[in-house]
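Given next are the chains, with one letter for each unit.
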Amino acid sequence: MIELTAAEVAAATGGRLSADPDVRVGGPVVVDSRKVVPGALFVALPGEHVDGHDFAPRAVADGATLVLAARELDEPCVVVDDVQTALGELARHVLATLRERGDLRVVAVTGSVGKTTTKDLLGQLLRAEGPTVVPQGSFNNEIGLPLTVLEADGSTRFLVLEMGASGVGHLTYLTRIAPPDVSVVLTVGSAHLGEFGGIEAVARAKAEIVAGLAPGGTAVLNADDLRVAAMADVAPGEVVTFGTIPSADVRAEDLRIDRTGRVAFTLRTRATADGTSADGTTTAGGTTAEAAVTLGLVGEHHVTNALAAATAALRLGVALPDVAARLSDARALSPHRMQVTERADGVTVIDDSYNANPDSMRAALKALAVVAGRDRRSVAVLGEMLELGDDSRVAHDDIGRLVVRLNIKLLVVVGEGAGGIHDGATQEGSWGDETRFVPDVAVAAALLREELREGDVVLVKASNGSGLWRLGDELAAADPAVTSGLSDRAVAPGEPQDGRA
Ligand SMILES: Nc1ncnc2c1ncn2[C@@H]1O[C@H](COP(=O)(O)OP(=O)(O)O)[C@@H](O)[C@H]1O
Ligand SMILES: [Mg+2]
């Protein structure tokens, strides 16, 4: 963060200063008192179970020089009406200041699935060009986003942001804090449909990231998703599209998937009407440029994320050969996302337990079928997809039927909420031992300890809240025989529970 005085923090947030105005805050800005280091600004948020204000004394004892608070404290503080709003205002102010000073570009990513993967890819594409700030985990809401913005300083050239929404207006709020120079929209899908109230509402909510672009900003849109492509109508300026269809400006062609589930393709950029290609260079007479990419990520669905990251990076001035090379070197950075472990006993574990909705379930099951191929036994261990509202029953039933159609050899359905998957599979013609229902993660773990044998490929997938990531951790442990029980962490490591669609 850039250094600010307490007086500047008060001015930026419209708060009342209850500290020496010249006190300096050098950052970081933290909401968790355990993360305080000398010079930090501690933000006292009201939590579900604890009130941040109670931790102000400890934060200051550990070196925080100022507290952003909703009430007067004994510690040096700036008192505001609403701490969360003030945090956003502070981030907005700091970003505006940084932009005035220099060459900082903001790129924001939204979509129903793939946001975290895409922002991690973008980080890997941009970092070699200059100092880049990328959110931790899924920091994508009205708290995680400003905290990420506040990590930027005078040296930052690229600020990558993940923007999540669980309703109309959320992305407008986030783009007011950080108007993007480049806004990327991946898909409008079925994630969190229940909260939104229908897919058209999801589309409207996602379009706000395009309408909220900074003046002169570029919309990077998925040409393969009609609802995303239609967002060109609200783009204030330039639009660049990506996809597999021929009309896309940046395309993946000649897709091939190998037996490890990794996809290779030709990345091709097309000159647009005015002779400027998506990589920002002028090309003569509409010629195209191309480069070969082999993704390190598992699953064909990552082509969308890779194309999105590539298109944004090209727009931000990264040369096509560098984009292709860095995409091929890129790895999944956030845990429990198509994380592949080859166990010593010959079992392959694909842990995709961070999140699940119908789109990502389908994608992961297809990847399982590809990796298992004809010679290996495919095992799908699936838990509940949360937050689907009225569509939940049908959505689970559909997944069960898909499992049968993909000829997955063993299905283990974990937990009451996922029961519809078991029913769907049974209805579709799966019988006997092919599909098993177990009540919880512990029983699933015991069953799999018995059942798994050399050559098996196991996919573990569910919404984070169903806790199947614990099973993923156990299964991925090199020698399951010495793993004693399941870990009791309530939250996946390093993953704040602020993920939104
Ligand atoms: N384009 C896509 N289509 C289908 N599933 C996807 C896609 N991109 C990612 N996924 C899957 O969705 C889940 C969440 O991915 P993530 O990148 O964390 O997305 P988000 O941040 O939007 O929740 C993972 O299981 C991942 O493998
Ligand atoms: Mg995310």
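Residues numbered from 1 in each chain as written. Chains lettered and ligands numbered in written order. Predicted model: local features only at pLDDT ≥ 70, side-chain atom pairs only at ≥ 80, totals over all residues. Heavy atoms only, no water.

Novice: Account for the packing of aromatic side chains, with residues named and values stated.
Specialist: Applying the stated criterion across every chain yields a total of zero aromatic pairs. If you follow R337 out to its NZ or CZ, it ends over the ring of Y354, 3.9 Å from the centre. (Phe/Tyr/Trp six-rings, centres within 6.5 Å; stacked < 30°, edge-to-face > 60°. Lys NZ or Arg CZ within 6 Å of the ring centre and 35° of its normal.)

Novice: Report on helix 13 (residues 392-405), specifying residues and quantitative values.
Specialist: An α-helical segment advances 3.6 residues per turn. Residues three or four places apart therefore align on the same side. Here helix 13 spans 20 Å end to end across 14 residues, near enough to the 20 Å set by a 1.5 Å rise per residue. Residues of helix 13 that are buried include every one of S392, A395, H396, D397, I399, G400, L402 and V403, and no others. For helix 13, the elements touching its buried residues are helix 12 (358-372), strand 19 (378-382), strand 20 (410-414) and helix 14 (419-427). (Helix = DSSP H or I, 4+ residues; strand = E, 2+ residues; numbered from the N terminus. Expected span 1.5 Å × (residues − 1). Buried < 20%, exposed > 50% of the residue type's maximum accessible area, 1.4 Å probe, protein only. Contact = heavy atoms within 4.5 Å.)

Novice: I'd like a description of the pattern of salt bridges, backed by residues and values.
Specialist: Oppositely charged side chains may form a pair once their charged atoms are brought near each other. Tallied over the entire structure, the rule returns 28 salt bridges. A salt bridge links R34 to D32; the shortest N-O distance between them is 3.0 Å. Exposure remark for R34: the relative accessible area of 65% places this residue in the exposed category. Classification of D32 as buried rests on a relative accessible area of 19%. (Salt bridge = Lys/Arg side-chain N within 4 Å of Asp/Glu carboxyl O.)

Novice: Can you explain the coordination of the magnesium ion (ligand 2)? Please cite residues and give values.
Specialist: In this structure, T116 (OG1), S138 (OG) and E162 (OE) serve as the protein donors to the magnesium ion (ligand 2), at separations of 2.1 to 2.3 Å. In primary sequence terms, the donor set of the magnesium ion (ligand 2) follows T-x21-S-x23-E. Note that S138 is positioned in the loop between strand 9 (132-133) and helix 5 (144-149) and E162 in strand 10 (residues 158-162), a separation of 24 residues in sequence. A single burial state applies to S138 and to E162, both of which are buried. (Donors = N, O, S within 2.8 Å, 3.2 Å for Na, K, Ca; no water.)

Novice: Pulling in residues and values, what's your account of the environment of V106?
Specialist: In this fold, V106 is placed in strand 8 (residues 105-110). For the pair V106 and E3, spaced 103 residues apart in sequence, the C-alpha to C-alpha distance is 20 Å.

Novice: I'd like to hear about the pairing of strand 20, residue by residue, with values.
Specialist: Most of strand 20 sits inside the fold, with five of its five residues counted as buried. Here strand 20 shows two buried faces, one formed by L410, V412 and V414 and the other by L411 and V413. In terms of strand pairing, strand 19 meets strand 20 through four bridges, oriented parallel. Pairing of V379 across the sheet is with L410, part of strand 20. Taken together, strand 20, helix 14 and strand 21 (residues 435-438) form a β-α-β motif whose crossover is right-handed. (Pairing = 2+ DSSP bridges. Right-handed = clockwise from strand over helix to strand, strands pointing away.)

Novice: Describe the sheet that holds strand 5 (residues 41-43), listing the residues and the values that go with them.
Specialist: Pairing is mixed in the open sheet, where five strands are placed in the order 2-7-6-5-4. Each edge of the sheet is formed by a strand with only one pairing partner; in this case those strands are strand 2 (16-18) and strand 4 (29-30). Across the sheet, helix 1 (residues 6-13) is in contact with strand 2, strand 6 (66-69) and strand 7 (77-79); its angle to strand 7 comes to roughly 15°. Lying over the sheet, helix 3 (residues 83-101) contacts strand 4, strand 5 and strand 6, oriented at roughly 125° with respect to strand 6. (Axes fitted to C-alpha atoms, helices over the stretch in contact; angles between N-to-C directions.)

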